[in-house]
Amino acid sequence: MVQAKVITIKHVKKILFVVIGLISFSIGVAGTILPVLPGGPFYLIAAFCFTKSSERLDNWFKSTKAYDKYVVGFRENRGMTLKEKIRINLIADFFIVLSLFLVDILFVQLIIVALGLYKHYYFIKKIKTI
C-alpha cells in the first residue's frame, strides 16, 4: 500500500521561505556585482528566510563571505554606513521617480510618494549610521 504524504501549512511555509531566500540571495549577488543594485538588503532578507526555513541553508549562508560582510555587520551594529544608506536611497529614488512617470493613476502615484517618504524617514531615523 502506498502512503500519501500530507503537505501541511508548515511545509508550504518552509518551501516559500527557501524560494524567497534563494531569490533574495541571487539578487544580493547581482547587487554585489552591479553598482546600481544594493545587495545588502537582499542578503538580510535571505538570512531571515534561511533562518526560518532550513538549518542546512542557514548554516551554509552563515559560512559565506556575503553573510560576514553584509549581515553580521548589520546585526551587530544595527546600522549601515552613510555611503550604503546614500547609495541605496539614490537607487531606490531613481526607480520611485521613474514609477511616477510610468503610472497615470493619481492614487497610485500618491501611494508611491508616501512610501518613498517613509523610506527616507526609516533610513534616517530608524537605521543607525555607523
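These numbers come from a predicted model, not from an experiment.

Draft legend 1. Structural context of the packing of aromatic side chains. Tallying each qualifying case throughout the model produces 12 aromatic pairs. Seen from their ring centres, F17 and F48 are 5.9 Å apart, and the 80 degrees between their planes marks the pair as edge-to-face. Placement of the pair is F17 in helix 1 (residues 9-33) and F48 in helix 2 (residues 40-53), with a sequence separation of 31 residues. Taking the relative accessible area as the measure of exposure, F48 reaches 44% and is therefore partly exposed. Through pairs of rings, three or more aromatic residues link up here, namely F25, Y43, F50, W60, F61 and Y67.

Draft legend 2. Just helix 5 (residues 82-102), in detail. An ideal rise of 1.5 Å per residue puts 30 Å on 21 residues; helix 5 measures up with 30 Å between its terminal C-alpha atoms. Looking at helix 5, one finds that the buried residues are K85, I88, N89, I91 and I96. One face of helix 5 carries all of its buried residues, which in axial projection span an arc of 165 degrees. Helix 5 presents K83, L90, F94, F101 and L102 as exposed residues on the side facing more than 90 degrees away from its buried surface. Against helix 2, strand 1 (79-80), helix 6 (106-126) and strand 2 (128-129) lie the buried residues of helix 5.

Analysis parameters
Residues numbered from 1 in each chain as written. Predicted model: local features only at pLDDT ≥ 70, side-chain atom pairs only at ≥ 80, totals over all residues. Heavy atoms only, no water. Phe/Tyr/Trp six-rings, centres within 6.5 Å; stacked < 30°, edge-to-face > 60°. Helix = DSSP H or I, 4+ residues; strand = E, 2+ residues; numbered from the N terminus. Buried < 20%, exposed > 50% of the residue type's maximum accessible area, 1.4 Å probe, protein only. Expected span 1.5 Å × (residues − 1). Arc of directions from axis to C-beta. Contact = heavy atoms within 4.5 Å.

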